[in-house]
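Observations on the three-dimensional arrangement
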Amino acid sequence: MRIFVLSGQSNMAGRGGVHHRRWDGVVPPEGAPDPSIQRLSASLDWEEAREPLHADIDTTKTCGVGPGMVFVRAMLPCLQEDNPGEGALAGIGLVPCAVGGTAIREWARGEHLYEQMVSRARVAAQYGEIEAVLWYQGESDAESHASAAAYLGNIERLIANVRDDLGMPRLPFIQVALASGDKRNIDKVRSAQFSVNLPDVVTVDAMGLALNEDNMHLTTESQVKLGKMLAEAYIKNFLTTC
């Protein structure tokens, strides 16, 4: 099984199609279920992946469409696995970990969200190879000058810690540069995201993608675009053949 960890806050968890705390139930064809795509549930069971991917993870908010399903469906032709190893599962596995409204300090080593993410990734790794972490977070850190100023050090530390704790020093990490956030500090967080100086880290820019009426969360159409952008970034930087 080829495994991808999805983490961060609400725009990774997915708010596409969510209006007034209700999801419209519309799943774009680019994110439709596929028997070869599994997700690791909150109870650590593999099941067929379908939107909302984070419904049992980001439980205090209403989840809708995120980028994860579109991302992996866009890469299906490139990720065929003909000979899975002994004990492995065929196909692709998604490990949802994102929780809305969370600041990066809540993802520090030793904090609940970080330890939960690493624990879920370790369980998933028993069934295949972790291919990458997809990370979309930072809107909460744009709410204060101090958090924005500390973001670069915090995100680099997060990446290093995840790699160390999973024993994968070159684990690909694809982060999304913010499309929304407090106007006083969003540019500081975005600058930090583009300034990460670690190997095998790629930044995809979401700025300009359309937002819901809350001016914070990506629309379903924007999540489709983002999923395809993430797939293109992974294929370009981390796949030798496609």
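Residues numbered from 1 in each chain as written. Predicted model: local features only at pLDDT ≥ 70, side-chain atom pairs only at ≥ 80, totals over all residues. Heavy atoms only, no water.

The name given to the chain in an unreviewed UniProt entry is Sialate O-acetylesterase domain-containing protein, and the organism recorded there is Urochloa decumbens.

**What about the pairing of strand 1 (residues 2-8)?**
With seven of seven residues buried, strand 1 is to be regarded as a mostly interior element. As paired elements, strand 1 and strand 6 (residues 92-96) share five bridges and run parallel to each other. From the neighbouring strand, F4 faces strand 6, where its bridge partner is L94. Examined bridge by bridge, strand 1 and strand 7 (residues 129-136) share seven bridges and lie parallel to one another. Residue pairing in the sheet places R2 in a bridge with E129 of strand 7. (Buried < 20%, exposed > 50% of the residue type's maximum accessible area, 1.4 Å probe, protein only. Helix = DSSP H or I, 4+ residues; strand = E, 2+ residues; numbered from the N terminus. Pairing = 2+ DSSP bridges.)

**Notes on the confidence of the model for the chain**
For the chain, the average pLDDT comes to 95, and 96% of its residues sit at 70 or higher. Overall, residues 82-88 carries pLDDT values under 50, and its contacts beyond four positions in sequence, including any with other chains, amount to six contacts. (pLDDT = per-residue confidence, 0-100. Contact = heavy atoms within 4.5 Å.)

**Focus on helix 7 (residues 220-238)**
With 19 residues, helix 7 extends 26 Å between its outermost C-alpha atoms, agreeing within 8% with the 27 Å of an ideal straight helix rising 1.5 Å per residue. When helix 7 is considered as a whole, its buried residues turn out to be T220, S222, Q223, V224, L226, G227, L230, A231, A233, Y234 and F238. Those residues of helix 7 that are buried are in contact with strand 1, helix 1 (10-13), helix 2 (68-75), strand 7, strand 8 (173-177) and strand 9 (201-205). (Expected span 1.5 Å × (residues − 1).)

**Brief notes about the packing of aromatic side chains**
For the structure shown, the criterion picks out seven aromatic pairs. Aromatic side chains W46 and Y127 sit 6.1 Å apart centroid to centroid with 80° between the ring planes, which places their arrangement in the edge-to-face category. With W46 in strand 5 (residues 46-48) and Y127 in the loop between helix 3 (112-125) and strand 7, this pair connects stretches of sequence that are 81 residues apart. Since its relative accessible area comes to 18%, W46 is described here as buried. Between the aromatic rings of W107 and W135, the centroid separation amounts to 5.3 Å while the plane-to-plane angle is 85°, which identifies the pairing as edge-to-face. (Phe/Tyr/Trp six-rings, centres within 6.5 Å; stacked < 30°, edge-to-face > 60°.)

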